[in-house]
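Survey of secondary and tertiary structure
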Amino acid sequence: MTGSLIKRSEHSYSIVLYLGRDPVTGKKRQKWHTFNGNKKGAEKEMTRLLHELQTGTYIEPNKLTVKDYLLRWLSDYAKVNVAPRTFERYKAIVEQHLVPELGAIQLVKLSPLHVQAAHAKAMNDGGRKDGRQGGLSAQTVLHHHRVLSEALKQAVRWQLVPRNVCEAVEPPRPVEREVKALEESATAWLLDAAHGTRLEIPILLAVTTGMRRGEILALRWQDVNLDAGLLTIRRSIQETKAQGLTFKEPKSRKGRRTLTLPAIAIEMLRAHRSVQGTRKASMGTDYQDNDLICCRDDGSIWPPSAFTSAYRALLGRRKLGNIRFHDLRHSHASQLLRAGISPKVIQERLGHSKVGFTLDVYSHLLPGMQEEAARKVDAGLRLALQEQRRNLV
């Protein structure tokens, strides 16, 4: 099998693939592809297509369905470019929602109308897979839209379609929900409810540092210097069906961060280390020493799913209401804001990449921010007017 390039214009080439002769008619069999770009890019694309022909993975663009493409995008692109947990979410969305609604359509014939209709159906009565009545939330359908759009962006890069049809679709707009945060009194109530349980230290770390669940469950004693009052976040734990429990480094430089611990956290961590040391000594070789601060009683890794189940059970026993563990991270940020701490410092503690994101999420928690802004504008304008009038006298 061979191929050749035909230049159509300054930035357009036709890639001609020669597939041999038809055994019945004896005529040459060819496949034509259009490539928009320079010659080097066209040559690279031709090499890729010839490799697919030789390995039996080539699919004619006009016969490629949305299902065929999405499954290939998952295996060839998403699986090697996103985190395992993210890949599992993508795979579930593709297999359970996108393929059943759009999979039979030829990729080149997929239109904005198809996508818009699929969104409408999912939100009305055709999206739930749990047997319950009603449709999916706007937020859930928006996730579906984003996954499809990301897949189609790659289809454009692979020269399979000329444009991403999702760009012409109006995705659903979820109602923005303000973050739920606990005040200091409610935080104390929760800590008291967890006193003496394995959940006490994880809850303490969440409300005093803003760490995420995965970061807390991956934290080791070697990451903490109690004498200096410092804690360094170097990794997180994730749980997937395919790979089980694995540790991963933070996604960004901001995610790898060193935090100053409040005195109450230092005191409770010292006490926890002593108790853990006693348990380790009593269990001997039965203790799995992973150097973890928050672990099961035998030192083994505490799976995030099991941790969440234990946390929800605690809330149920103490009748504490629906307080997500992630809300404790929000509580840490909101309490710092009320204390007048700079948003830049809060951004660094939470590991956000930009302070603008921190402000977008938590600015509504700033007490009296609008009133203070109005007072400052009033004072500044009055002072300027007074100065102006004195100069005119």
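Structure shown above.
No experiment lies behind these values; they were computed from the predicted model shown.

The rules behind each value
- Residues numbered from 1 in each chain as written.
- Predicted model: local features only at pLDDT ≥ 70, side-chain atom pairs only at ≥ 80, totals over all residues.
- Heavy atoms only, no water.
- Helix = DSSP H or I, 4+ residues; strand = E, 2+ residues; numbered from the N terminus.
- Contact = heavy atoms within 4.5 Å.
- Phe/Tyr/Trp six-rings, centres within 6.5 Å; stacked < 30°, edge-to-face > 60°.
- Buried < 20%, exposed > 50% of the residue type's maximum accessible area, 1.4 Å probe, protein only.
- Lys NZ or Arg CZ within 6 Å of the ring centre and 35° of its normal.
- Core = buried A, V, L, I, M, F, W, Y, C linked by side-chain atoms within 4.5 Å.
- Pairing = 2+ DSSP bridges.
- Axes fitted to C-alpha atoms, helices over the stretch in contact; angles between N-to-C directions.
- 1 Å grid on protein atoms, 1.4 Å probe; cavity = no way out; pocket = protein on both sides within 12 Å on 5 of 7 lines; lining within 4 Å.
- Points joined across faces, edges and corners; volume = space filled by probe spheres on them.
- Nonpolar A, V, L, I, M, F, W, Y, C, P; charged D, E, K, R; others polar.
- Parallel < 35°, antiparallel > 145°, perpendicular 65-115°, else oblique.
- Left-handed = near helix turned anticlockwise from the far one by under 90°.
- Salt bridge = Lys/Arg side-chain N within 4 Å of Asp/Glu carboxyl O.

Position of His145 relative to the elements: it lies in helix H5 (residues 138–157). Those residues within four positions of His145 in sequence are excluded, and the remaining contacts are Val115, His119, Cys166, Val169 and Pro171.

Another point: the packing of aromatic side chains. All told, the structure shown has six aromatic pairs when counted by the stated rule. Between Trp73 and Tyr77, the aromatic rings sit 6.3 Å apart at their centres with planes inclined by 20°, giving stacked as the arrangement. Taken as a pair, Trp73 and Tyr77 lie in helix H2 (residues 66–81) at a separation of four residues, close to a single helical turn. For Trp73, a relative accessible area of 0% gives the class buried. Residues Trp73 and Tyr90 carry aromatic rings whose centres are separated by 5.8 Å and whose planes lie at 25° to one another, so their mutual orientation is stacked. You can see Trp73 sitting in helix H2 and its partner Tyr90 sitting in helix H3 (residues 84–102), a full 17 residues away along the chain. Three or more aromatic residues link up through ring pairs in this structure, and these residues are Trp302, Phe307, Tyr311 and Phe325. Here the guanidinium or amino end of Arg198 rests over the ring plane of Trp302, the centre of that ring lying 4.1 Å away.

For the rest of this paragraph, the subject is the nonpolar core. Judged by nonpolar contacts, the single largest core of 39 residues is most densely connected at Ile203, Leu231, Tyr311 and Leu328. Of all the elements in the fold, those that place two or more residues in this core are helix H6 (184–194), helix H7 (200–209), helix H8 (213–218), strand S5 (230–233), helix H9 (263–283) and helix H10 (304–318). In terms of residue count, the dominant contributor to this core is H7 (six residues). If near-sequence neighbours (up to four positions away) are discounted, Ile203 is found in contact with Leu190, Leu191, Ala194, Tyr311, Leu314, Phe325 and Leu328. In this structure, Val99, Leu102, Leu110 and Ala151 belong to the second largest nonpolar core, which totals 28 residues.

To continue, consider the sheet that holds strand S3 (residues 28–36). Taken together, three strands build an open sheet; the order of strands is S1-S2-S3 and the sheet is antiparallel. Two strands lie at the open edges of the sheet, namely strand S1 (2–9) and S3, each paired on one side alone. Pairs of neighbouring strands in the sheet enclose a mean axial angle of 25°, with direction left out of account. The strands touched by helix H1 (residues 39–55) within the sheet are S1, strand S2 (12–21) and S3, with S2 carrying the most contacts at an inclination of about 25°.

Further remarks concern empty space enclosed by the protein. Overall, the coordinates contain three cavities of 30 Å³ or more when judged by the stated rule. Together, Ile15, His33, Thr34, Phe35, Glu45, Arg48, Leu49, Trp158, Gln159 and Leu160 line the second largest cavity. Within the residue set of the lining of the second largest cavity, elements represented by two or more residues are S3 and H1. Considered class by class, the residues forming the lining of the second largest cavity number five nonpolar, three polar and two charged.

Next up on the list: the sheet that holds strand S8 (residues 257–260). Strands sit in the order S4-S5-S8 across an open sheet of three strands; the sheet is antiparallel. The outermost strands of the open sheet, each flanked by one partner alone, are strand S4 (224–225) and S8. With four bridges joining them, S5 and S8 adopt antiparallel strand pairing. The residue bridging Leu230 from the neighbouring strand is Thr260, located in S8.

Take the environment of Ala265 next. Tracing the chain through its elements places Ala265 in helix H9. A relative accessible area of 0% places Ala265 in the buried class. Taking the C-alpha atoms as reference points, Ala265 and Ala193, separated by 72 residues in sequence, lie 17 Å from one another. In this structure, Ala265 is in contact with Leu204 and Thr208, ignoring residues within four places of it in sequence.

So, about the packing of H7 against H9. At a minimum axis separation of 11 Å, H7 and H9 run at an interaxial angle of 160°. Classed by the angle they form, the pair H7 and H9 counts as roughly antiparallel. The handedness of the crossing between H7 and H9 is left-handed. Across the interface between the two elements, Glu200, Ile201, Leu204, Leu205 and Thr208 of H7 pack against Ile264, Ala265, Met268, Leu269 and His272 of H9. Its residues assigned to classes, the contact of H7 with H9 shows seven nonpolar, two polar and one charged.

In this section: the pattern of salt bridges. Applying the stated rule across the entire model yields 16 salt bridges. Of the charged contacts in the structure, one is a salt bridge between Glu95 and Lys91, with a shortest N-O distance of 3.0 Å. Placement of both Glu95 and Lys91 in helix H3 is noted, with a separation of four residues, approximately one turn of the helix. Between Asp289 and Lys280 there is a salt bridge, with the nearest N and O atoms lying 2.5 Å from each other. Note on Asp289: relative accessible area 48%, which makes it partly exposed. Assessed through its relative accessible area of 36%, Lys280 is described here as partly exposed. Among the charged side chains, a network of salt bridges with common partners joins Glu45, Arg48, Glu52, Arg72 and Asp76.

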